Each structure stands twice: as C-alpha cells, then as structure tokens.
Amino acid sequence: MTDPNWMRTTLDNGLQVLLRPSTVAPVASFWVFYRVGSRNEIPGLTGVSHWVEHMLFKGTERYPRGEFDRLVARAGGLFNGMTGADWTTYFETFPADRIELALQVESDRMANSVFDAAEVEAERTVILSEREGSENSYFQRLVEEVQATAYVAHPYRHPIIGWKTDLQSLTRDDLWRHYRTYYAPNNAVVVAAGDFDGAAMLDRIAYYFGAIAAGMPPPPVRGSEPAQSAERRVVLRGEDPTAYLLQAFHVPAATHDDFFPLVVLDSILGGAKGMGLFGGSANNRSNRLYRALVESQLAIDVDSSMGPTVDPGLFTIGVTLAPDVDPRTVEEVIWGELAKLQEGDVTAAELAKAVKQTRAQFAYSSESVTNQGYWLGFSEVVASQEWFATWLERLAAVSAEDVRRVARTYFSPAQQTSGWYVPNDDALTGDLEELE
Amino acid sequence: MSAVRRSLPGPDDVTRVQFANGLTVLVRENDAAPVVVLQGALRVGSVHDPAHLPGLANLTASLLTRGSEHYDFDRFNETVEQVGANLMVSADLHLTEFGLTALAEDFADLVAVLADVLRRPTFPEEHVERVRSHWLVRLQERAQDTATVASDRFYEALFGRQHGYGRPIVGYEEGVNAIAREDMAAFYRSHYMPEGGIIVVTGAVQTAAVIERLQAAFGDWQSPRGSVASPMPSLVQGSQRHFSLMADKVQSDVVVGAVGPARGHPDYYAVRVANCILGQFGMMGRLGERVREELGLAYYCYSATLAEEQAGTWLAAAGVAPANVEATVASILAEFVRLASQPVEEHELADTQAYLTGVVPLALETNQGVASTLFNMELYGLGLDYLARYPALITSVTAEEVQRVAAVYLQPETALVVVAGPEAG
C-alpha cells in the first residue's frame, strides 16, 4: 500500500499530478479527475455535471465527434467517463507505448470541448433514455427516493443523473457555463499508473497540460446538511412483486476521525468492501446482517454500504425481502444487530477479519493499473494520499470501543431514513394504509 | 525494479499436464502480486437438465458451497471469508465453473476446501429449501427486468425450451419448485466427474508445488463413466416478432438477431471482426453511432455474439422509449443491410483489427485476465500458442469476408425481433 515508487507535483496552472510508475505489465492508465459532481449542483440544474461528462465525448475542434473514440480504440485502448457526487472522471488504459494519446485527448477536451447546440439536443434524449432505463427498476427508484429524503438541504440529495424535469429544461448555456467554471487545471488532478518512466511522463504532462490557463477558483458548495433529529420514511409502491428495504444513516466525511471505525463497523455488519467500487468480495455470508436476515429467511439478500465522500455521506443497508415478510420485522432485526454493536459486542476475531479481508481485496484490486489510477485520483479528490496509503494501518488501529462509540453516535431511530418498496398486491398494503 | 513482462502466455511459460482421470491442469507463475487465481470448470451444465427439471444444474451448483463432507455452511463461510478469499461455483450452459482467488499465503489450504465442495457435497435438506426460495425470488426479479425478458424470449424463440440454449440457466419457476434433494444428488452422481475438467492457476505459485497439491486433491477422483453427451440444439424459430408486454415499465428493451457461428466454426473470426464494426468499436460501433449519436434514440445500442460449443447467436440490443421501438428496429435492420451489402471501408476494417489485436495486453494484465484467457484456450482446444497466432487470425479477415458473413447471418427478412416493455407510446 505505501509505495515509495510514486511521485506527485503541481504544475504552475494548479494542475495536480500523481504518477505511479510500475513494471509489472506493459500497460498504462491515465485518469483526469475534475473536482465537480452532483454536490456542486443547485435545484433546477441537477444533472448538469453528468451531462457535461457526456458532452466531453462530443468533440473538440481538433477531434470532432467520433474521432476521440476511434483514435483510442484503434490504439488498443479502453476508455470511459463517470460522474459521481464529488467528482467527474475520465480515463484511458492503453498498451504502454500508446499512453501519450491519452494526454493529447484529455488536455484537448479539458479546454476545447465544443458543446455544439445540435449535439446538446441529441444528447438530451440519450440522457433521458439513460434515466428511464434505471426507472424500470423499483430498487433504483427507491434509492433515489431515500437519498432525496435522507438529505433535506445538502446537494447530495440530488440524483447524479438529475431530475427528469431538469433534464428536460437544461440549456446549452447552462452546460457551457458549468464546463467553463469547473473544467480548469486548477480544479483537476491527473493520474498516470503503469509502465512508463516517471520523469518522461511528467515532462509530457507538462507539455500537454501546462499551457492551459488556470481558471477562477470554482464557487464553494452551499448548503450543508443540518443534523437529523426526526425519523424519515418513504414508501414506494408498484406492480413488481419483489419487495425491498433501504435504510440510511448520516455518517461523516472520509477525512473525519470516525471514518475508519465506521468502515470496520460496516465490515462487521455487511462484510469488508475494500475500497468499494472495484472491491468487495463475492463470498459474503459470514457477516452479521446475512446471518440475522438471510439465514433466518427474512431476506434473500442484504448489503451494507458506506462510500467515502467529501462532505458527510450515508451509511446504507439494502435488503431484498423474502416473500410475505413484513418490512417492520426486518427493521427490528436490523436494530437488534445495531444494538449489539452499541453494547460493544465486537470480537477481536471480527476486527482481525475486517483487516485481513481488506488486505486481500487491496491485493487483488492492485493488480490492475486502471484500478490503481482510479484510487490514486479518487483519494486525492475525496481525502488525501496519506489517507489511502495508511488505510490498512488505520483500520488495524480501530478498537472494539471505537466501533461501540460510532455505533452509538450515528445510529438511532431519530437519525434514520427508511424506505420501503411494497408490491401493490402485497398483503401488507392494507396494514400499511392503516398506519398512515 | 524488475523488467516489464512482455511475453505472451504460451508454451514457454505455461505448464500443461493431464491427470490420469482426465482432468487438465495449466499453471503459469506470476510473482507480480502476492495473489493466486484459480479458474476451472467441469463439463456439466444446463444443457444437461432433464426436460422436466430445467434449472437442475444451476441449483445443484448452488448447493455445493452449502455443505460438504468437511465443511458445513458455517465452516465453509468462515474458512473462506476469514482470509478474504473468493470461492465460487456456478452453472453455465455446458459447464459448471468454479473459481478461487486468495492471497498466496492462503491458497494452498483453500485448495482442500475447493476439492471438498466439488467432490464431496452433502446437499443438506435445509439448504435445498433456502436455495430454492432464493432462486424463486431471483426468477421473479428477472421477470421484472425488460432486458432479461427480451433476451430470454430471444433465445427461446431461436432454440426452443427443449435445448439448454433456449432456456435461461436458472430455469423456470415450475421446475425450480419441483426439484428435490434427491434430484440434485442423483444429477451430481451422474454428471460431476474429472473427465474433461479444466483447472488453470496463475499467480505467486511454484508450478511443481501447485501440480502436486492439485494431484493430491483431485488425482484420485474417478469418473462414474465416460463424458455425458449433450443434446444438439435444433433451430425452432417460427414467428419472427415477439412482444412481451410489461405494462408497468418506463423503457422497452429490444433484441434483433439470429443464429451465429459456433466457437469452432470457420466463420468465427470473420464474425468477430464484423461484430466489432457493427456494434462494439469505440462507442458501440456503427449501431452506437447511428442509434445513439445521430438519432439520440438510446443510451445503449450495441451488438454481441455468443459463440458456444454447439451453436451461436449474433444480435443487436437497445434500451429505448416505447415510442421509439419501431424506429430503433428499423435502424438496426438498416445497419444489418448496410454491412451485408457494402464492403466496409479499408480504414474502418483496419481500425477494428488494430483494436482487437492491440487491446490484448490489457486483457492479460491481471492474474484473472490470464487465467480466463488460458481457460478459454484449453476449453476450445486452441493450443498454447494461440496468443501468438491470434493477431493473424484477426488481420487475415478481409472486407469481403465481413460482408459475406453479414449476408449469411444477418438477414433482415428472417431476423428475430423481440421487444419487452409497455405498449408503444
């Protein structure tokens, strides 16, 4: 994890550069992280960051639409872009001798994306189609409802893809303004991982990116989330017969001292996830929630999740209910498990297991330069290199008392948001109406 | 720092041995990370499901990690998860696949666990019921998903329910409800054997030690009899248009396609190149360019091939608003016609060939990537020198070949069109 074999610097225009040369395989991966995501959006303009990401694939003067993907693919490269709550990122992974193409295309579209009006319009229906695809899933709709309910003020309440009404009304100028505001070298981090010479790579990065002028510092995020003191509930109904439950609790930002104790708590409740997006084990049946819910046949599946975030995030527990199970029963069982943690019922073996599972997942994940590039850039934007480099040590330093303390601090009925998807033909529907 | 390993996996660094019982083992050492990946399979899959018990292979595979002679459910979970390893078994069409990923320090011990679950499962009654109820909910979830429903319908229309290719691997509710513990135990006894099995190991290992350990774990496993034959699929395709109404959904899924070549067919490489041009290269090839970029109809519109042991398919798929289904189907068919009636431009062919050959190092970067590649090479009898031969197999495909295979397989008059979703807008 701690690796002396990497370099970091900042160019004069503010661009942060992270390099991790390695000599394992003849491949290299290049990432650009922009410090902009749904957290930077305001009502009426939700989804703008994600749409801007789409437009970055729609051409520059030098590489008209279609050229970018053609050049990357014919060079044997893989590419993609992703928009998150805290960042928007783009990457290319190439056979090592082609990596310079990544610097060319990324530096070009950082500064010179065209945002052609007709292309903006064509993309509107594509993004609506992307949204509508996920609307087919009641679980995805439940996630959206719970997120928007758990947060009352902070922009994390917005769906990253944006509300449909905003997608229908966003203009080319909205997108252009957003791009000009946030896509500046002083608001970005570039990462290269893989088979290259560090000094030569730095030289090339300076060559391609150094001439791009710094922009104004981007505006700060407004809207912090007030402490939750009232239980929040949402009930979604529909025709699909599989019932779901999703609970959410507010947790601190990745850089907070309680973050790692909460990671251990998450590992005990729902299995270790390593770093999240590219981590997580396929085998996950010895954790507390699985034993309490799946082995007892209340659920067929359960998942806990806590992603590292810039601002305070959410700890979620998602459950696929077995047929004819009352979601209130599931909630009681979950509270039973949380209560045990609040009483300090954590064994040394479980603490050790959390660390070992995480160590294994880092080892598996680190084989890929694409993953390495992702985690270096992600860490820089969300926390720091030190945060990433000392992950296992900090995990190992968490005690049973720490887990007990954070279980008491962050988990109570008044701090929860609970969402249910209830099938229309469920026997429960009648019962639930009586509650309202 | 050690030098970058540039050599392709091949006869010089892959050891291949065959045990007396018909199990084939391949090992490639890689000390880049303290990790070991094992990938393998036995020659039993959903094509072997009895007609009245579709889903049996899948359920049987699911039970293996829920109780074996030396590892009951809890002990299995603790042993594997304690050390952060992955050990999974799952059924596919012709194969039951298994995988083990572990830190090098834990790998040797886990081989014993793998051998126990594969060779000595106990099918505990309690877990038979649990697994059944899980799969029933999964079946229910699949029936709620437009892409899955469209895909299932497509394969059923092509191959019929009588053959494994025409059925989902998970089977159907009726069958899953009917399967009893004894069915699984009997299926296991008659179909699970080392004959024809494959195990690939890559990572921080020493070849001789791995082979010795696998020999100790699997060498004395005897097959009850010779390999079990799989029935051949016959093409059913009657009606060419199918619509599955899913009234509550927002978006529809569309699948348009036909049979394609099996893995061993001479057309395989030409179809692979043609398919990349049609719906994969860059941002989903010609289909992506037309249906997504130009017309803005879909977030995804791509093409894919399935090239299995006995037969294959070649299809295009898209997720679109119900009102745009007809326009999308028309655009897809128009791209089929275009590919079949006009030779692709030389630069377009060259770009695709450059991609298919150039991307290979990315697929071989990790232990998992190497293990999967070696596994496929062994499965289809491609030879240990396959990776050295592969570029020529791709670059030898001509524009005329691309046009020819498109004309053979992608005929709009007989293409199957499957839609799942609400009524058109």
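Below: a short report on this structure. For clarity, every value in this text was computed on a predicted model and none was experimentally measured.

1. Some remarks on the overall build of chain B
Inference 1: Secondary structure assignment for chain B yields 16 helices and 13 strands.
Inference 2: By the compact-globule yardstick of 22 Å for 425 residues, chain B fits well, its C-alpha radius of gyration being 23 Å.
Inference 3: The dimensions of chain B, computed from C-alpha atoms along their principal axes, are 60 × 55 × 40 Å.
Inference 4: By residue count, 60% of the 425 residues in chain B fall in the buried class.
Inference 5: In chain B, 81% of the contacts between residues at least 6 apart in sequence involve partners at least 24 apart.
Inference 6: Carbon and sulfur atoms provide 52% of the accessible area of chain B, an area that totals close to 16,100 Å².

2. Some remarks on the overall build of chain A
Inference 1: Along the backbone of chain A there are 17 helices and 11 strands.
Inference 2: On C-alpha atoms alone, chain A measures out to a radius of gyration of 23 Å, which is about the 22 Å that the 2.2 N^0.38 rule sets for 436 residues.
Inference 3: For the C-alpha atoms alone, the extent of chain A along its principal axes is close to 65 × 50 × 35 Å.
Inference 4: Counting only residues that meet the buried cut, chain A has 62% of its 436 residues in that class.
Inference 5: Carbon and sulfur atoms make up 52% of the accessible area of chain A, which amounts to about 15,900 Å² in all.
Inference 6: For chain A, the separation between the mean place of its 37 positive charges and that of its 59 negative charges on side chains is 3 Å.

3. Observations concerning the sheet that holds strand β3 (residues 27-34) of chain A
Residue and element names in this part refer to chain A.
Inference 1: Pairing is mixed across the open sheet formed by six strands, whose spatial order is β1-β2-β6-β3-β5-β4. The outermost strands of the open sheet, each flanked by one partner alone, are β1 (7-10) and β4 (78-83). Neighbour-to-neighbour, the strand axes of this sheet turn through a mean angle of 10°, independent of strand direction.
Inference 2: Here β4 pairs with strand β5 (residues 88-95) via six bridges, running antiparallel. Counted as the bridge partner of Met82 is Thr89 from β5.

4. Comments concerning the nonpolar core
Residues and elements named next belong to chain B.
Inference 1: Counting residues in each nonpolar core, the largest one holds 132 residues, and the members touching the most others are Leu38, Ile199, Val201, Leu214, Phe218, Val256 and Leu339.
Inference 2: For this core, the element with the highest residue contribution is helix α9 (residues 268-279), accounting for nine residues.
Inference 3: Contact partners of Leu214, with chain neighbours within four places excluded, come to Phe19, Val25, Leu38, Val111, Ile199, Val201 and Gly219.

5. Some points on the sheet that holds strand β7 (residues 232-238) of chain A
All names here are of chain A.
Inference 1: Judged by pairing direction, the sheet is mixed, and its five strands sit side by side in the order β7-β11-β8-β10-β9 without closing on themselves. Two strands bound the open sheet, and with one partner strand each, they are β7 and β9 (299-306). Looking at each pair of strands side by side, their axes are set apart by 10° on average, direction ignored.
Inference 2: Where β7 lies against strand β11 (residues 416-423), seven bridges are found, and the strand directions are parallel. By the bridge assignment, Arg233 is partnered in β11 with Ser418.
Inference 3: The sheet contacts of helix α9 (residues 259-270) involve β8 (244-251), β9 and β10 (313-321), and relative to β9 the element is tilted by about 170°.

6. Some points on the packing of α9 of chain A against helix α16 (residues 400-410) of chain A
Residues and elements named next belong to chain A.
Inference 1: The geometry of α9 relative to α16 is characterised by a closest axis approach of 9 Å and an angle of 95° between their N-to-C directions. Taken together, α9 and α16 sit at an angle that is classed as roughly perpendicular. Taken together, the residues of α16 that come into contact with α9 (itself represented by Pro261, Leu262, Val264 and Leu265) are Asp402, Val403, Arg405, Val406, Ala407 and Tyr410.
Inference 2: Its residues placed into classes, the contact of α9 with α16 shows eight nonpolar, no polar and two charged.

7. What to know about the packing of aromatic side chains
Inference 1: The tally for this structure, following the rule as stated, stands at 48 aromatic pairs over all chains.
Inference 2: Geometrically, the ring pair formed by Phe260 of chain A and Trp387 of chain A is tilted, given 6.4 Å between the ring centres and 50° between the ring planes. Here Trp387 of chain A lies in helix α14 (residues 385-389) and Phe260 of chain A lies in helix α9, a separation of 127 residues in the sequence.
Inference 3: The exposure class assigned to Phe260 of chain A is buried, which follows from its relative accessible area of 2%.
Inference 4: On the accessibility criterion, Trp387 of chain A (3% relative accessible area) is buried.
Inference 5: Residues Phe260 of chain A and Trp391 of chain A carry aromatic rings whose centres are separated by 5.0 Å and whose planes lie at 85° to one another, so their mutual orientation is edge-to-face. A residue pair is termed long-range when its members are at least 10 positions apart, and Phe260 of chain A in helix α9 and Trp391 of chain A in helix α15 (residues 391-396) qualify at 131 residues. In this structure, Phe260 of chain A and Trp391 of chain A share a single accessibility class: buried.
Inference 6: The ring of Tyr172 of chain B carries the charged tip of Arg161 of chain B above its face, separated from the ring centre by 3.9 Å.

8. What to know about helix α4 (residues 125-142) of chain B
Inference 1: The end-to-end C-alpha separation of α4 of chain B is 26 Å, in line with the 26 Å expected for 18 residues at 1.5 Å each.
Inference 2: For α4 of chain B, every residue scored as buried is listed here: His127, Val128, Arg130, Val131, Arg132, His134, Val137, Leu139 and Glu141 of chain B.

9. Observations concerning the pattern of salt bridges
Oppositely charged side chains may form a pair once their charged atoms are brought near each other.
Inference 1: The final tally for this structure, using the stated rule, is 62 salt bridges over all chains.
Inference 2: For Asp402 of chain A, the salt bridge is made with Arg405 of chain A, and the minimal N-O distance between the two is 3.9 Å. Taken together, the residues span about one helical turn, with Asp402 of chain A and Arg405 of chain A both in helix α16 at a distance of three residues.
Inference 3: Where salt bridges share partners, they join Lys58, Arg65, Glu119 and Glu123 of chain A together with Glu289, Arg292 and Glu293 of chain B into one cluster.

10. What about the packing of helix α10 (residues 281-294) of chain B against helix α11 (residues 325-341) of chain B?
Residue and element names in this part refer to chain B.
Inference 1: Contact pair α10 / α11: the axes reach a minimum separation of 10 Å and the direction vectors enclose 140°. Classified by the interaxial angle, the pair formed by α10 and α11 is oblique. Relative to α11, the crossing made by α10 is right-handed. Touching Arg286, Leu287, Arg290 and Val291 of α10 are Thr328, Ser331, Ile332, Glu335, Arg338 and Leu339, all from α11.

11. Thoughts on the interface of chain B and chain A
Inference 1: Facing 66 residues of chain B, the contacting portion of chain A comprises 66 residues.
Inference 2: When chain B packs against chain A, the two sides together hide about 5,900 Å² of surface, and 51% of this comes from carbon and sulfur.
Inference 3: Counting across the chain B and chain A interface gives 13 salt bridges.
Inference 4: Per element, the largest residue contribution to the side of chain B that touches chain A is eight residues, and it comes from helix α2 (residues 73-82) of chain B.
Inference 5: Grouping the amino acids of the side of chain B that touches chain A by side-chain chemistry returns 28 nonpolar, 19 polar and 19 charged.

12. Describing the environment of Glu81 of chain B
Inference 1: Of note, Glu81 of chain B is situated in helix α2.
Inference 2: By relative accessible area, Glu81 of chain B is classed as buried at 2%.

13. Describing the pairing of strand β7 (residues 96-103) of chain B
All names here are of chain B.
Inference 1: Counted residue by residue, β7 has six buried out of eight residues, so it is predominantly covered.
Inference 2: Relative to β7, strand β3 (residues 35-42) runs antiparallel, the two being bridged by eight bridges. Residue pairing across strands places Val37 opposite Thr101, the latter belonging to β7.
Inference 3: Pairing of strand β6 (residues 86-91) with β7 involves six bridges; the strand directions are antiparallel. The partner of Val89 across the bridge, within β7, is Phe98.
Inference 4: Between the antiparallel neighbours β6 and β7 lie four residues.

14. Notes on the state of the cysteines
All names here are of chain B.
Inference 1: With the rule as written, the count across this model stands at zero disulfides over all chains.
Inference 2: Here Cys276 is not disulfide-linked; the sulfur of Cys301 is the nearest cysteine sulfur, at 15 Å.
Inference 3: Relative accessible area serves as the criterion here: at 0%, Cys276 is assigned to the buried category.
Inference 4: Given a relative accessible area of 0%, Cys301 falls into the buried group.

15. With respect to the side chain of Thr202 of chain B
Residues and elements named next belong to chain B.
Inference 1: For Thr202, the location among the structural elements is in strand β8 (residues 198-203).
Inference 2: On the basis of relative accessible area, Thr202 is assigned to the buried category, the value being 1%.
Inference 3: A distance of 3.1 Å separates a polar side-chain atom of Thr202 from the backbone oxygen of Asn367.
Inference 4: Sequence-distant contacts of Thr202, that is, excluding residues within four places in its chain, are made with Arg28, Val35, Val36, Val37, Asn367, Val370, Ala371 and Leu374.

Basis of the calculations
- Residues numbered from 1 in each chain as written.
- Chains lettered and ligands numbered in written order.
- Predicted model: local features only at pLDDT ≥ 70, side-chain atom pairs only at ≥ 80, totals over all residues.
- Heavy atoms only, no water.
- Helix = DSSP H or I, 4+ residues; strand = E, 2+ residues; numbered from the N terminus.
- Rg over C-alpha atoms; globule rule 2.2 N^0.38 Å.
- Buried < 20%, exposed > 50% of the residue type's maximum accessible area, 1.4 Å probe, protein only.
- Contact = heavy atoms within 4.5 Å.
- Areas by Shrake-Rupley, 256 points an atom, 1.4 Å probe, with all protein chains shown as cover.
- Lys, Arg positive; Asp, Glu negative; His and termini not counted.
- Charge placed at Lys NZ, Arg CZ, Asp CG, Glu CD.
- Pairing = 2+ DSSP bridges.
- Axes fitted to C-alpha atoms, helices over the stretch in contact; angles between N-to-C directions.
- Core = buried A, V, L, I, M, F, W, Y, C linked by side-chain atoms within 4.5 Å.
- Parallel < 35°, antiparallel > 145°, perpendicular 65-115°, else oblique.
- Nonpolar A, V, L, I, M, F, W, Y, C, P; charged D, E, K, R; others polar.
- Phe/Tyr/Trp six-rings, centres within 6.5 Å; stacked < 30°, edge-to-face > 60°.
- Lys NZ or Arg CZ within 6 Å of the ring centre and 35° of its normal.
- Expected span 1.5 Å × (residues − 1).
- Salt bridge = Lys/Arg side-chain N within 4 Å of Asp/Glu carboxyl O.
- Left-handed = near helix turned anticlockwise from the far one by under 90°.
- Buried area = accessible area lost by both parts, 1.4 Å probe.
- Disulfide = S-S within 2.5 Å.
- Polar contact = N/O pair within 3.5 Å; in protein donor to acceptor, adjacent residues only side chain to side chain.

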